[in-house]
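Examination of the molecular architecture
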Amino acid sequence: MVNLSSDGRKAVEGAGPVEVGTLDAEQLHTLLETFAELDPVENTRADPEIRIVVRRDRFIVRTGQKKLFFQDVRNLAEPTYVLSTEDVIAELDGTAAAKRTAPPFAMAAAPAPEPVVAALPPPEETSRTTTSILLGLVLLLGGYAVYSGVTRGSKGDLPSLAALTPSERAAEDSHLTAVYMTGSQPGQHGLVILGDGKLKLFRVHAQAAPGVVYGTYQLGRIEGKVALATDQPGGLIRVLDRDSLSYCGETFRRIP
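Since this is a predicted model, take the numbers as computed values, not measurements.

Of regular secondary structure, the chain possesses six helices and 13 strands. Counting the 256 residues in the chain, one finds 39% classified as buried. Within the chain, residue pairs in contact and separated by at least 24 positions form 47% of the contacts whose partners lie at least 6 positions apart. If you sum the accessible surface of the chain, you get close to 14,500 Å²; carbon and sulfur atoms cover 54% of it.

A few words on the packing of aromatic side chains. Evaluation of the coordinates by the stated rule reveals two aromatic pairs. Taking 5.0 Å as the distance between ring centres and 20° as the angle between the ring planes, the aromatic pair formed by F59 and F70 counts as stacked. Here F59 is found in strand β2 (residues 57-64), whereas its partner F70 is found in strand β3 (residues 67-72), with 11 residues between them in sequence. When sorted by exposure, F59 lands in the same class as F70, which is buried. Look at Y247 and F252: their rings are 6.4 Å apart centre to centre, the planes differ by 50°, and that puts the pair in the tilted class. Residue Y247 shares its accessibility class with F252, and that shared class is buried.

Now for the nonpolar core. If you look at the biggest cluster of nonpolar residues, it comprises 21 residues, and the most contacted ones within it are L32, I50, V61 and L92. Residue assignment for this core shows that the elements contributing at least two residues are α1 (25-36), β1 (50-54), β2, β3 and α3 (85-93). Per element, the largest residue contribution to this core is five residues, and it comes from α1. Setting aside residues no more than four positions away along its own chain, V61 makes contact with L32, F35, E49, I50, I52, L68, F69 and F70. Among the nonpolar cores identified, the runner-up in size contains 18 residues, and L164, Y180, L191 and Y217 belong to it.

Time to look at the confidence of the model for the chain. Across the chain, pLDDT averages 77, with 73% of residues at or above 70. Taken as a whole, residues 104-110 scores under 50 in pLDDT and shows two contacts with residues more than four places along the chain or in a different chain. Here residues 115-121 is a poorly scored stretch, pLDDT under 50, and it has 23 contacts once near neighbours within four places are set aside; other chains count.

Rules used throughout
Residues numbered from 1 in each chain as written. Predicted model: local features only at pLDDT ≥ 70, side-chain atom pairs only at ≥ 80, totals over all residues. Heavy atoms only, no water. Helix = DSSP H or I, 4+ residues; strand = E, 2+ residues; numbered from the N terminus. Buried < 20%, exposed > 50% of the residue type's maximum accessible area, 1.4 Å probe, protein only. Contact = heavy atoms within 4.5 Å. Areas by Shrake-Rupley, 256 points an atom, 1.4 Å probe, with all protein chains shown as cover. Phe/Tyr/Trp six-rings, centres within 6.5 Å; stacked < 30°, edge-to-face > 60°. Core = buried A, V, L, I, M, F, W, Y, C linked by side-chain atoms within 4.5 Å. pLDDT = per-residue confidence, 0-100.

Laid out in structure tokens, this is it:
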């Protein structure tokens, strides 16, 4: 488990990988059910995952909106699938593959529906060249997914920010570190201030995991108010008050 508590019930940012050991199907089923129920804010901040090894096969499972996203690490040509817990177990124990390859006369039941395809960033375990290419594509497409339909701006058009003192910068950084969203419905946007000059932008999807783009920021003041100059489209994030931000023409509210 990566960035999860020992019981899998909480997402823990920066916790890193913890080896669980060998699980039977029932134990894995329970773990996946618990994983799918993670707090959405914690899940967005920590970006947890479960890595599964079955014989020589390796898989990664992520979650979002109480769904499981299943990726075959050794076969990057395969898409990421949105599956139920039972479907994940069936993929791991081979029963799903057996059903897909069985001749029509061997089964009276109707074939299982095709899983929903979701676009997720590529797993870590791949060659450096392939990772670089895929990461570039993911960021490009992710940026479009997050900002399509949102007013864009050029960072080059931004006014320069007045610098903060070190103590002011530390205090503002600490306070602003949080998750902000325009809403929780599909198509709406989220912004995570991670602190220390790092941020994460995402768009809520109905079926797939949120499309995520990572960025950086610098704190300063403009017209007497605190703002964040970013390396992302739109460039400037304005602090409206202690619990809301303005970015790309939208207002983001702090998630408690």
